[in-house]
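Reading the structure
Residues per chain, in single letters:
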Amino acid sequence: MEKRRTPGQRAGLSRARVLATAHQLLAESGLDALTMRALAERLEVAPNALYSHVASKTTLIDDVLDDVLDEVEAPAADIEDPTAGLHELMASTYQVLLAHRDLVPLYLARQGARGPNAQRLGEIMLDLLARAGVSGTAAHEALRVLIVYTIGFAAFATRPPIHPGAGSPVPAEELSENFDSGLRWLLAGIAGPTARHTD
């Protein structure tokens, strides 16, 4: 017996198309404008067709945030210096966030991302931390601190001005240098000889 197709399949939708269109709506009009009905209208399908790919607006947002993380470049698996690998990974994450500044407030609100890409990157981070001598509870704490630092710095770098006369913003190049320096200091503390490594 032929398997019945879902409404989304009958409408010719793919998960990638749904997420790309949702991201486009977010970039154009913000979170309040992203509704399942508005997304369906943009895709020219009935709203029920969307539920073959996403369960709710919250799930949709989480999926968009996780999808973007596919752009993060992970270090080579055989990188010799695990601290350098962590630096590469977080620096790439920072650049991806800057490239998708419309999503940075959502990463803050959702406290990061969920899904396969976030899980994959988290596993890479934990492996690098273990190779740097940080494991157990301390490794998970370090992972959270690195993520919060990176998202927080991206939020600062992409913040809109309060008003036109608020003063000159810090140049993007200077902010990138500040992020890089701060990340090095942070990693030195995490992987240094006095760091707290717990099981």
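Look up: the structure comes first, before these words.
What you see is a predicted model; the values in this text were computed from it and never measured.

**A look at the packing of helix 2 (residues 15-29) against helix 3 (residues 36-43)**
Running from amino to carboxyl end, helix 2 crosses helix 3 at an angle of 110°, the nearest separation of the two axes being 10 Å. When the interaxial angle is binned, helix 2 and helix 3 end up roughly perpendicular. Here the hand of the crossing between helix 2 and helix 3 comes out right-handed. Here helix 2 contributes R17, V18, T21, A22, Q24, L25 and E28 to the contact with helix 3, which in turn contributes A38, L39, R42 and L43. Its residues assigned to classes, the contact of helix 2 with helix 3 comprises six nonpolar, two polar and three charged.

**Focus on the packing of aromatic side chains**
Per the counting criterion, the structure on display carries five aromatic pairs. Seen in terms of ring centroids, F153 and F179 are 5.6 Å apart; in terms of plane orientation they differ by 75°. Their pairing is edge-to-face. One end of the pair, F153, is in helix 8 (residues 136-157); the other, F179, is in helix 9 (residues 172-191), and 26 residues separate them in sequence. Like F153, the residue F179 is buried in the burial classification.

**Concerning the pattern of salt bridges**
By the definition in use, this model includes five salt bridges. One salt bridge connects D63 with R15, and the closest N-O pair in it is separated by 3.8 Å. Of this pair, D63 sits in helix 4 (residues 57-68) while R15 is found in helix 2, placing the two residues 48 residues apart along the sequence. On the basis of relative accessible area, R15 is assigned to the partly exposed category, the value being 37%. Note that D62 is salt-bridged to R114, the shortest N-O span being 3.7 Å. Taken as a pair, D62 in helix 4 and R114 in the loop between helix 6 (104-109) and helix 7 (116-131) lie far apart in primary sequence, 52 residues in all. Taking relative accessible area as the criterion, D62 reaches 9% and is therefore assigned buried. Residue class for R114 comes out partly exposed when judged on its relative accessible area of 40%. Sharing partners across several salt bridges, the network here consists of D62, R110 and R114.

**Quick look at the environment of P75**
Along the chain, P75 turns up in the loop between helix 4 and helix 5 (82-99). Sequence separation of P75 and G85 is 10 residues, and the distance between their C-alpha atoms is 5.4 Å. Other than its neighbours up to four places away in sequence, P75 contacts G85, E88, L89, I124 and L128.

**Overview of helix 5**
Its 18 residues place the ends of helix 5 26 Å apart at the C-alpha level, agreeing with the 26 Å of an ideal helix rising 1.5 Å per residue. Within helix 5 the residues assigned to the buried category are P82, G85, L86, H87, L89, M90, S92, T93, Y94, V96 and L97. Next to the buried residues of helix 5 lie helix 4, helix 6, helix 7, helix 8 and helix 9. Residue D81 occupies the N-cap position of helix 5, its side-chain oxygen lying 3.0 Å from the main-chain nitrogen of T83.

The rules we used
- Residues numbered from 1 in each chain as written.
- Predicted model: local features only at pLDDT ≥ 70, side-chain atom pairs only at ≥ 80, totals over all residues.
- Heavy atoms only, no water.
- Axes fitted to C-alpha atoms, helices over the stretch in contact; angles between N-to-C directions.
- Helix = DSSP H or I, 4+ residues; strand = E, 2+ residues; numbered from the N terminus.
- Parallel < 35°, antiparallel > 145°, perpendicular 65-115°, else oblique.
- Left-handed = near helix turned anticlockwise from the far one by under 90°.
- Contact = heavy atoms within 4.5 Å.
- Nonpolar A, V, L, I, M, F, W, Y, C, P; charged D, E, K, R; others polar.
- Phe/Tyr/Trp six-rings, centres within 6.5 Å; stacked < 30°, edge-to-face > 60°.
- Buried < 20%, exposed > 50% of the residue type's maximum accessible area, 1.4 Å probe, protein only.
- Salt bridge = Lys/Arg side-chain N within 4 Å of Asp/Glu carboxyl O.
- Expected span 1.5 Å × (residues − 1).
- Polar contact = N/O pair within 3.5 Å; in protein donor to acceptor, adjacent residues only side chain to side chain.

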